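# What the coordinates show
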Number of protein chains: 2
Amino acid sequence: MTTIDASPLRGQERPGPRRQEVVTGIKDYILRNRLKPGDLLPTETELCEAVGASRSSVREAVKILSALDIVEVRHGHGTFVGRMSLNALVESLAFRGLLSGEEDHHVLGQVVDVRQTLEQGLAAEIIAVLDGDHRAQLSALVDQMEDLAAQDKDFLEVDRAFHVKLMEPLGNDLILQLTEAFWQVQAIVAPTLRTEPEHRVITAQRHRAIVDAVTAGDPAVLRAAVAEHYAPIRESIARAVQG
Amino acid sequence: MTTIDASPLRGQERPGPRRQEVVTGIKDYILRNRLKPGDLLPTETELCEAVGASRSSVREAVKILSALDIVEVRHGHGTFVGRMSLNALVESLAFRGLLSGEEDHHVLGQVVDVRQTLEQGLAAEIIAVLDGDHRAQLSALVDQMEDLAAQDKDFLEVDRAFHVKLMEPLGNDLILQLTEAFWQVQAIVAPTLRTEPEHRVITAQRHRAIVDAVTAGDPAVLRAAVAEHYAPIRESIARAVQG
DNA sequence: TGGGATTTGTACGTATGTATA
DNA sequence: TTATACATACGTACAAATCCC
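Residues numbered from 1 in each chain as written. Chains lettered and ligands numbered in written order. Predicted model: local features only at pLDDT ≥ 70, side-chain atom pairs only at ≥ 80, totals over all residues. Heavy atoms only, no water.

## Brief notes about the relation of the copies chain A and chain B
Quick note on the threshold: For the least-squares superposition of copies, only C-alpha atoms count, and only for residues with pLDDT at least 70 in both. Only heavy atoms enter the contact rule, under which two residues are in contact if any of them lie within 4.5 Å.
Under the fitted operation, chain A is carried onto chain B by 0.0 Å of movement along the axis and a turn of 180°, and the coordinates agree to an RMSD of 0.1 Å. On the angle and the small slide along the axis, the relation comes out as a two-fold axis. Residues of chain A ranked by C-alpha distance from the rotation axis are headed by A:Gly121, positioned 2.0 Å from it. Comparing interface residues between copies, 100% of those in chain A also sit at the interface in chain B, which points to an isologous, same-surface contact.

## Focus: the pattern of salt bridges
Put simply, the rule reads: When a carboxyl oxygen of Asp or Glu is within 4 Å of a side-chain nitrogen of Lys or Arg, the pair counts as a salt bridge. Here a strand is any run of E in DSSP of at least two residues, a helix any run of H or I of at least four, and the numbering for each starts at the N terminus. Burial status follows relative accessibility: with a 1.4 Å probe on protein chains alone, a residue under 20% of its type maximum counts as buried, one over 50% as exposed, and anything between as partly exposed.
Under the defined criterion, the tally for this structure stands at 26 salt bridges over all chains. A salt bridge links A:Glu91 to B:Lys27, with the shortest nitrogen-to-oxygen separation between them at 3.3 Å. Of this pair, A:Glu91 sits in helix 4 (residues 87-99) while B:Lys27 sits in helix 1 (residues 19-32), which puts the two residues in different chains. A relative accessible area of 17% means that B:Lys27 is categorised as buried.

## Considering the domain arrangement of chain A
What counts here: Throughout the structure description, domain borders are defined by an automatic or database domain assignment.
You can read the domains of chain A as domain 1 (19-81) and domain 2 (87-242). Each of domain 1 of chain A and domain 2 of chain A has a C-alpha centre, and the two are 37 Å apart.

## Thoughts on the interface of chain A and chain B
Counted only if it meets this: Once two parts are joined, some of their accessible surface, as seen by a 1.4 Å probe, is lost; buried area is that loss totalled over both. Contacts described as polar in this section are N or O atom pairs within 3.5 Å, which, within protein, must combine one atom able to donate a hydrogen with one able to accept it, while residues neighboring in sequence count only if both atoms come from side chains. When residues are sorted by character, Ala, Val, Leu, Ile, Met, Phe, Trp, Tyr, Cys and Pro go into the nonpolar class, Asp, Glu, Lys and Arg into the charged class, and all the rest, Gly among them, into the polar class.
Counting residues at the interface gives 43 residues for chain A and 43 residues for chain B. Carbon and sulfur atoms supply 69% of the area that chain A and chain B bury against each other, a total of about 4000 Å² over both sides. Sorting the residues of chain A by area buried against chain B places A:Phe95, A:Arg96 and A:Leu174 first, and these three jointly supply 16% of that buried surface. Remark: the boundary between chain A and chain B carries 14 residue pairs in polar contact (both at pLDDT 80 or more). Looking at the side of chain A that touches chain B, the elements that each hand over two or more residues are helix 1 (19-32), helix 3 (55-67), helix 4, helix 5 (106-121) and helix 9 (173-189) of chain A. It is helix 4 of chain A that contributes the most residues to the side of chain A that touches chain B, nine residues altogether. In terms of residue class, the side of chain A that touches chain B is made up of 25 nonpolar, seven polar and eleven charged.

## Some points on the packing of aromatic side chains
To keep it simple, the criterion reads: Aromatic pairs are defined between Phe, Tyr and Trp rings, using the six-membered ring for Trp, whenever the two ring centres lie within 6.5 Å; interplanar angles under 30 degrees are classed as stacked, those over 60 as edge-to-face, and all others as tilted. For a lysine, the NZ atom is tested; for an arginine, the CZ atom; a charge sits over a ring if that atom is within 6 Å of the ring centre and within 35 degrees of the ring normal.
Inspection of the entire model under this criterion finds zero aromatic pairs over all chains. Geometry around A:Phe80 places A:Arg74 over its ring, the cationic atom sitting 4.0 Å from the centre.

## Comments concerning the protein's contact with DNA strand C
Quick note on the threshold: Whether a residue is near a molecule or strand is decided by its heavy atoms; if any one of them lies within 4 Å of it, the residue is near.
Among the 21 residues in the neighbourhood of DNA strand C, the closest are listed as A:Arg19, A:Ser57, B:Arg55, B:Arg59 and B:Lys63. What you see for DNA strand C is that sugar and phosphate hold 66% of its atoms within 4 Å of the protein. At 2.8 Å from a phosphate oxygen of DNA strand C is found a side-chain nitrogen or oxygen belonging to A:Arg19. Elements represented by at least two residues in the surface near DNA strand C include exactly helix 3 of chain A together with helix 3 (55-67), strand 1 (71-74) and strand 2 (78-81) of chain B. For the surface near DNA strand C, the residue count by class is two nonpolar, twelve polar and seven charged.

## Details of unusual backbone geometry
Residue and element names in this part refer to chain B. Positioned with a positive phi, Arg 34 is a non-glycine residue whose angle comes to about 55°. Inspection of the secondary structure assignment puts Arg 34 in the loop between helix 1 and helix 2 (44-51). Looking at Arg 34, the relative accessible area reads 61%, which means it is exposed. With phi around 55°, Met 84 is a residue other than glycine that occupies positive phi space. For Met 84, a relative accessible area of 3% puts it in the buried group.

## Some words on the protein's contact with DNA strand D
In the vicinity of DNA strand D there are 22 residues, among which A:Arg55, A:Lys63, B:Arg19, B:Ser54 and B:Ser57 approach most closely. The sugar-phosphate backbone supplies 70% of the atoms of DNA strand D found within 4 Å of the protein. Between DNA strand D and A:Arg59 there is a distance of 3.2 Å, counted from a phosphate oxygen to a side-chain nitrogen or oxygen. One of the side-chain N or O atoms of A:Thr79 is found 3.4 Å from a phosphate oxygen in DNA strand D. For the surface near DNA strand D, the secondary structure elements donating two or more residues are helix 3, strand 1 (71-74) and strand 2 (78-81) of chain A together with helix 3 of chain B.

## So, the packing of helix 5 (residues 106-121) of chain B against helix 8 (residues 156-167) of chain B
Residues and elements named next belong to chain B. We count it as follows: Convention adopted: a line fitted to C-alpha atoms gives each axis, helices being fitted over their contacting stretch, and angles between N-to-C directions are expressed from 0 to 180 degrees. An angle below 35 degrees is read as roughly parallel, one above 145 as roughly antiparallel, one from 65 to 115 as roughly perpendicular, and any other as oblique. Handedness of a crossing follows from how the near helix is turned relative to the far one, being left-handed for an anticlockwise turn of less than a right angle and right-handed for a clockwise one.
Viewed as axis vectors pointing N to C, helix 5 and helix 8 meet at an angle of 40°, and their least axial separation amounts to 11 Å. Taken as axis vectors, helix 5 and helix 8 run oblique relative to one another. For the element pair helix 5 and helix 8, the recorded crossing hand is left-handed. Across the interface between the two elements, Arg 115, Leu 118 and Glu 119 of helix 5 pack against His 163, Leu 166 and Met 167 of helix 8. Split by residue class, the contact of helix 5 with helix 8 holds three nonpolar, one polar and two charged.

## A look at the nonpolar core
So the rule is basically this: We define the nonpolar core as a collection of buried residues of types Ala, Val, Leu, Ile, Met, Phe, Trp, Tyr and Cys that are connected through side-chain atoms lying within 4.5 Å of one another.
In this structure, A:Leu89, A:Phe182, B:Leu89 and B:Phe182 are the most contacted members of the largest nonpolar core, which totals 92 residues. In this view, B:Leu89 contacts A:Leu86, A:Leu89, B:Leu178, B:Ala181 and B:Phe182; residues no more than four positions away in its chain are not counted. Judged by nonpolar contacts, the second largest core, of 50 residues, contains A:Val81, A:Ala88, B:Ala67 and B:Val81.

Laid out in structure tokens, this is it:
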């Protein structure tokens, strides 16, 4: 059977490997055996004897790897190679945003900057690759926004779907996941400044303008529409800093 | 002293809180007490009695938080509020890149896409805010590149410093850290395709072109220079996919 | 210089909850 | 339903690192 081989018995009296060695040992095991997301890893007990560490150390190492979504633990089932999401980025950034406090929203402002930069920077590519089908789906999402706005309801999920759908045709999974990750961070951190009902109608209009800009096919117009879209949240942040 | 209060004794026979509750309990403690990065947290023993969990559970929870750089543990000293870096993003993304394998460099390609998008998308802002001092520093870094290239030496660190310095005047910490994070991911994943010595001279030239474009003050020229800068790595990826 | 106190790191044993067959 | 395999949780003891006197 394949061994973990984290410490190839160098030196002589080695009482026990450290937790970090177990972490790299497990990562090396995954790489060496060419495991893919979803593949099963050895049980904790097997990992213990393979790496020559105690259960505690192995468990703490596995917890670190699960926090990074490199492995995924299912109670009573086993440990598997993780889906490699960007949850770690979301958790880390979101907590940083919450920590920066209610009065100081500079982290939230920076997240908005990044989101706007990505969407504006990809304006030309989006227009180039976005086909009629995608445009129709975006338009349908805006329709939903308008309906929900008319009923004085939130449309957080629709908003998320819109920004993801906008990036989808690019065919870049990383950009897609970053888009969703930063959206999530904003959704977690922003609640301190609550969206007012009348803003929803305006927000829906801004999204409609983005779809129109994509349809028009002018990157400069799309960039302007994106800037307009983020204007309200920027104003909210500016107001929160003052008052 | 303040308690953690993760599980306010709801129900009756509660054998023990789950690890996730301990995680949120510690996060809440940090937020509730308005702790800042570097501040000291209670000892593990204190956390145990505060949250009513065993030391093993508390330790595993702390390990999760330390993986996200929300807390930082120093052996024999204590546990502190973390620096909130993007190390979690780097580790997660880098491992994903390594896992995607030597033959399939699509993750690396996506990272390059994001880096290029950020630099191109911020071209106008960079030109607007970059002053003579920063320009001189960028120019000095390119000088170093040229010197090292002439000596057939790597200039990885100088390259990293250049791309960070380019973003610095924007005054957005998040963009700065993302720049460095994606650079690190590329540095970890790219070694499978080794940079050839003759490429270094060209690489230095491409960085010189970026400085020149910034000096010229034309965003379109800067965007073109950035595209040229990433062209070699893109070709390397394309070659690796085929051969 | 050193030694004791504090705090995290590691190890081991046992019992329990959970999913699968 | 029972049995098995696995992760989860708790508790204790000791080792290692850091700090302070």
